Amino acid sequence: MFSSIAPLARLNPFYAPHFQPVQDGVRKRAEPAEAPTTRRSLAGATAPAEYSCEYGSLKFYALCGVGGVLSCGLTHTAVVPLDLVKCRMQVDPQKYKSIFNGFSVTVKEDGVRGLAKGWAPTFIGYSMQGLCKFGFYEVFKILYGNMLGEENAYLWRTSLYLAASASAEFFADIALAPMEAAKVRIQTQPGYANTLRQAVPKMFGEEGIWAFYKGVAPLWMRQIPYTMMKFACFERTVEALYKYVVPKPRSECTKGEQLVVTFVAGYIAGVFCAIVSHPADSVVSVLNKEKGSSASQVLVRLGFKGVWKGLFARIIMIGTLTALQWFIYDSVKVYFRLPRPPPPEMPESLKKKLGLTE
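Residues numbered from 1 in each chain as written. Predicted model: local features only at pLDDT ≥ 70, side-chain atom pairs only at ≥ 80, totals over all residues. Heavy atoms only, no water.

> For the environment of F123, give the residues involved together with the corresponding values.
By secondary structure assignment, the location of F123 is in helix α6 (residues 119-148). The sequence separation of F123 and G73 amounts to 50 residues, and the corresponding C-alpha distance is 4.9 Å. Setting aside chain neighbours within four positions, we find F123 in contact with G73, L74 and T77. (Helix = DSSP H or I, 4+ residues; strand = E, 2+ residues; numbered from the N terminus. Contact = heavy atoms within 4.5 Å.)

As structure tokens, this is what we get:
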């Protein structure tokens with residue numbers, strides 16, 4: 001029975017290391033083929049001839065932040081038309097009944113240029129978010145890994161990904177909130193403002209600084225679960241692809257082949273991200289449109305069915321976004337010759353404790 005269930009369990013992106021019974025009654029640790037590590041990488045990814053900087057250095061974090069700016073800023077701006085229709089479906093489902101109907105109504109009323117409404121706050125806001133999201137993720141992954149110690153960081157690396165990504169997104173949403181609020185006003189309130197320069201002073205004059213941060217709590221509700229899924233699912237999916245799908249180890253794959261694996265893993269992670277974060281996304285869209293409403297009031301009014309409006313559009317958008325973001329981020333690492341942590345290996349001290357070495 002165990003032999004039939006174990007392979008299925010290992011295909012789970014959140015599969016953690018476990019003991020497998022083998023012949024002669026000896027328990028052996030199952031080791032995945034590929035995943036980032038923490039402290040071990042500091043010493044193992046510093047070869048000056050191959051890399052442009054040391055793993056965990058300030059330059060490394062800074063360039064990871066640049067990768068985050070490009071990956072999030074460019075991709076979110078590219079899908080502004082789809083995002084605009086999705087937001088309008090959430091706040092006015094009677095008028096915008098579906099994706100295609102939403103595009104048709106928008107073009108009829110505002111012209112083709114109307115589909116680009118909100119591009120400026122989208123680019124600025126998500127560039128700032130990407131800087132914090134990817135840059136701080138690398139910081140917290142190494143920090144928490146060192147706090148756990150080499151053995152626990154190996155055994156509980158999925159939990160490490162979840163904790164590091166949640167911490168990074170907390171700060172990323174604070175950076176995103178002002179521009180997200182302006183974007184939603186521009187996209188969902190006809191006649192309110194057509195540009196960022198019009199929206200910001202108007203919002204500040206009406207509600208003060210609170211206008212830009214009243215949506216930060218719903219953003220945390222939406223983005224933190226999304227980012228935890230995005231990073232943990234991606235990391236574990238990459239492991240699964242190299243172990244069960246790719247016919248050769250990552251070290252033998254070309255950079256192009258590695259980037260294809262990155263894109264596929266990113267899309268799979270993106271689908272799960274969209275589902276997990278969509279209810280909170282609906283609340284954010286309605287909340288930023290209305291004055292004087294709280295997140296709990298909006299949630300009650302929308303109901304269970306209402307919070308899932310626009311899910312299909314969000315799956316298409318987030319799946320594509322997440323795949324492209326990981327592809328761009330990994331491409332930036334390759335371009336700048338940043339160290340990419342080698343596959344995890346069970347520490348020798350843990351092997352001795354488990355009796356796997358003499």
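> Any details on the nonpolar core? Residues and values, ideally.
Generally speaking, a soluble globular protein has its nonpolar side chains buried in company with each other. One finds F60 and I318 to be the most contacted residues of the largest nonpolar core, which totals 45 residues. At the level of secondary structure, the elements contributing two or more residues to this core comprise α3 (58-78), α4 (80-91), α5 (99-110), α6, α8 (157-188), α11 (216-245), α12 (255-289) and α14 (311-335). With nine residues, the top contributor of residues to this core is α11. When neighbours within four sequence positions are excluded, I318 is seen to be in contact with Y226, G270, C273 and A274. Grouped together as the second largest cluster of nonpolar side chains are 12 residues, A193, A199, M203 and A211 included. (Core = buried A, V, L, I, M, F, W, Y, C linked by side-chain atoms within 4.5 Å. Buried < 20%, exposed > 50% of the residue type's maximum accessible area, 1.4 Å probe, protein only.)

> Account for the UniProt feature "transmembrane region" (unreviewed entry) in the protein chain, naming residues and giving values.
The feature "transmembrane region" (unreviewed entry), as annotated in UniProt, sits at residues 259-280 and 311-329 in this numbering. Here residues 259-280 runs as 100% helix and 0% strand, with 31 Å between its end C-alpha atoms. Within the segment residues 311-329, helix and strand shares are 100% and 0% respectively, and the terminal C-alpha atoms sit 26 Å apart. (UniProt positions renumbered as here; feature names shortened; annotations may be inferred.)

> Now, about the packing of α4 against α8: what can you tell me, with residues and values included?
At a minimum axis separation of 9 Å, α4 and α8 run at an interaxial angle of 75°. With respect to each other, α4 and α8 are oriented roughly perpendicular. For the pair formed by α4 and α8, the contact residues are V80, D83, L84, C87, R88 and V91 on the first element and K183, Q187 and T188 on the second. Among the residues forming the contact of α4 with α8, the class breakdown is four nonpolar, two polar and three charged. (Axes fitted to C-alpha atoms, helices over the stretch in contact; angles between N-to-C directions. Parallel < 35°, antiparallel > 145°, perpendicular 65-115°, else oblique. Nonpolar A, V, L, I, M, F, W, Y, C, P; charged D, E, K, R; others polar.)

> Break down the environment of F212 for me, with residues and values.
Among the structural elements, F212 can be located in helix α10 (residues 210-213). Separated by 33 residues in the primary sequence, F212 and M179 place their C-alpha atoms 7.5 Å from one another. Sequence-distant contacts of F212, that is, excluding residues within four places in its chain, are made with A177, P178, A181, V200, M203 and F204.

> Provide a residue-level description of the packing of aromatic side chains, including the pertinent values.
Throughout the structure, instances matching the rule amount to 18 aromatic pairs. Ring centres 5.1 Å apart and planes at 75° place the aromatic pair F231 and W326 in the edge-to-face group. In this pair, F231 sits in helix α11 while W326 sits in helix α14, placing the two residues 95 residues apart along the sequence. For W326, a relative accessible area of 5% gives the class buried. The structure contains a cluster of three or more aromatic residues connected by ring pairs, namely F134, Y137, F231, F234, W326 and Y329. Taking NZ or CZ as reference, R157 lies 5.0 Å from the ring centre of Y154, over its face. (Phe/Tyr/Trp six-rings, centres within 6.5 Å; stacked < 30°, edge-to-face > 60°. Lys NZ or Arg CZ within 6 Å of the ring centre and 35° of its normal.)

> Can you lay out the state of the cysteines for me, pointing to particular residues and giving the numbers?
Under the criterion given, the structure shown has zero disulfides. Not part of a disulfide, C53 finds its nearest cysteine sulfur in C64, a span of 7.7 Å. The class for C53 is buried, based on a relative accessible area of 11%. (Disulfide = S-S within 2.5 Å.)

> For α8, give the residues involved together with the corresponding values.
An α-helix turns once every 3.6 residues. As a result, residues three or four positions apart point the same way. Largest kink in α8: about 45°, centred on L176, with the proline P178 one to four residues after it. The element α8 is extensively covered by neighbouring structure, given that 25 of its 32 residues are classed as buried. (Bend = angle between axes of the 7 residues up to and from the residue.)

> Please provide a residue-by-residue account of a nonpolar patch on the surface, values included.
Residues V66, L70, L74, W119, F123, I124, M128 and L131 make up a contiguous nonpolar surface patch of about 680 Å² in total accessible area. Looking at the nonpolar patch, the elements with two or more residues in it are α3 and α6. Looking at the nonpolar patch, the element that brings in the most residues is α6, giving five residues. Structurally, V66 is set in helix α3. (Patch = residues over 30% accessible without salt bridge, like charges linked within 9 Å, V, L, I, M, F, W, Y side chains within 5 Å. Areas by Shrake-Rupley, 256 points an atom, 1.4 Å probe, with all protein chains shown as cover. Salt bridge = Lys/Arg side-chain N within 4 Å of Asp/Glu carboxyl O.)

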